[in-house]
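# Fold and geometry: a report
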Amino acid sequence: MIWEPFLWRAALGGIGVALVAGPLGCFVVWRRMAYFGEATAHAAVLGVAISLATTAPLPLAVLFTAAAFGLIAQRLVGMGHAMDSALGVLAHGALAVGLVATSLVPGVRIDIHALLFGDILAVTWNEVAGIWAVAALMLLLLAWRWGALLTATLSPELARADGIDPDREGLILTMALAVLVALAIKVVGALLIVSMLIIPAAAVRPLASTPERMGLLAALTGVLAVLGGIWGSFTWDTPTGPSIVVTAGAIFALGALARRPED
C-alpha cells in the first residue's frame, strides 16, 4: 500500500503524541490517576468553546482550561472534598458547558464528532511540526524530572527525606497532562485521549523489569497502535481516532492472553 501524504501527516502527528503519552501514562498508571486524566480531557471541551468565542489559538485555550481544571481539582481536594466527587463535578460540568457554549457561538459550526473522537487525517504539516516541537520539550521535561517524579510516586515520605517536594512534582505531572491533552485533542479527540495514556502503559507493565523500560515500551506500543489504527482505518474505512484506540486495546488483550497464569 502506498500511503498518501495525508496519511504520512497523520502518522507523524500520532507518533509524536504517542512518544509523550507512553512514559507519561506510566505515571498515570502508577499513581492510579486514570479518572483524573479522563476528567482533564473532558474539561478540554470547554477550552474549545473559549477558543471559538475569543479567537484564541485552540491549543493554548485547551492548555489553559486543562491546567486550570487540574489546579481547581487539587484545591477542592485540599479543602476536604473527595477526589472522585470533585473530578466528577468538574469534568461533567465542564464537558456540558463546553458543548452548550460551542453551540451558542454565533456564525460557527463545529464538528462535535471530530472534537470528541479526533480528526487526525486533517492535521497539517504546520500542526505536525508543532506536535513534534512540543513533544520534544515534554520528553526533555520528563527526562529531567524522571527521578524526582518516580521517587514522589513511590513514596512521598522518601521524597521529602531526599529534599524533593511531592506536591511540586504532582503539580508538574498535572501540567504535563494538561499539555498532552492540548497536544492530542485533534489526534484522538477529547474522549479518547486517556486511552492513549492508560492502555499502552497497562499493556507493557507485566513485561517491564524497570520503570525506564516500562516507559520505553509504552511509547513503542503507542506508536504501534497509531500506525496500526491508521492502516486499519484506511483499509476498512473506519474512524481513525477510535481505530487507534481499538488497536491499542487489541495489543493489551493479546498481551493478557499470552501471559501465563502465576503458580
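In this report, the structure presented in the accompanying data block is examined. (Residues numbered from 1 in each chain as written. Predicted model: local features only at pLDDT ≥ 70, side-chain atom pairs only at ≥ 80, totals over all residues. Heavy atoms only, no water.)

### Quick look at the environment of Leu 149
- Mapped onto the secondary structure, Leu 149 falls in helix H6 (residues 125–154).
- When the C-alpha positions of Leu 149 and Asp 165 are compared, they lie 9.7 Å apart, and in sequence the two are 16 residues distant.
- In this structure Leu 149 touches Phe 27, Arg 31, Leu 142, Glu 169 and Leu 173, once residues within four positions along its chain are discounted. (Helix = DSSP H or I, 4+ residues; strand = E, 2+ residues; numbered from the N terminus. Contact = heavy atoms within 4.5 Å.)

### With respect to unusual backbone geometry
- One non-glycine residue with positive phi stands out, namely Arg 32, at about 55 degrees.
- With respect to the helices, strands and loops of the structure, Arg 32 is situated in the loop between helix H1 (5–30) and helix H2 (34–54).
- Backbone geometry at Thr 55 places phi at a positive 60 degrees, although glycine is not the residue there.
- Position of Thr 55 relative to the elements: it lies in the loop between H2 and helix H3 (58–78).

### Section: the packing of aromatic side chains
- Applying the stated criterion across every chain yields a total of 4 aromatic pairs.
- Taking the centre distance of 5.1 Å and the plane angle of 85 degrees together, the rings of Phe 27 and Trp 30 count as edge-to-face. Of this pair, Phe 27 and Trp 30 both sit in helix H1, 3 residues apart, which is roughly one turn of that helix.
- Taking relative accessible area as the criterion, Phe 27 reaches 0% and is therefore assigned buried.
- Look at Trp 231 and Trp 236: their rings are 5.2 Å apart centre to centre, the planes differ by 85 degrees, and that puts the pair in the edge-to-face class.
- In this structure an aromatic cluster arises from ring pairing among Phe 27, Trp 30 and Trp 146.
- Here the guanidinium or amino end of Arg 145 rests over the ring plane of Trp 144, the centre of that ring lying 4.8 Å away. (Phe/Tyr/Trp six-rings, centres within 6.5 Å; stacked < 30°, edge-to-face > 60°. Buried < 20%, exposed > 50% of the residue type's maximum accessible area, 1.4 Å probe, protein only. Lys NZ or Arg CZ within 6 Å of the ring centre and 35° of its normal.)

### Focus on the nonpolar core
- Core analysis: the largest hydrophobic core is formed by 69 residues, its most contacted members being Leu 24, Ile 185 and Ile 230.
- At 14 residues, H1 tops the list of elements feeding residues into this core.
- Excluding residues that lie within four positions of it along the chain, Ile 230 makes contacts with Trp 3, Leu 7, Ala 10, Ala 11, Ile 120, Thr 240 and Ile 244. (Core = buried A, V, L, I, M, F, W, Y, C linked by side-chain atoms within 4.5 Å.)

### Here's the deal with the pattern of salt bridges
- Applying the stated criterion across every chain yields a total of 3 salt bridges.
- For Glu 169, the salt bridge is made with Arg 145, and the minimal N-O distance between the two is 2.4 Å. Placement of the pair is Glu 169 in helix H8 (residues 166–188) and Arg 145 in helix H6, with a sequence separation of 24 residues.
- With a shortest N-O distance of 3.1 Å, Arg 168 and Glu 169 are connected by a salt bridge.
- By relative accessible area, which is 38% here, Arg 168 ends up partly exposed.
- The buried category is assigned to Glu 169, whose relative accessible area is 0%.
- The network of salt bridges with shared partners includes Arg 145, Arg 168 and Glu 169. (Salt bridge = Lys/Arg side-chain N within 4 Å of Asp/Glu carboxyl O.)

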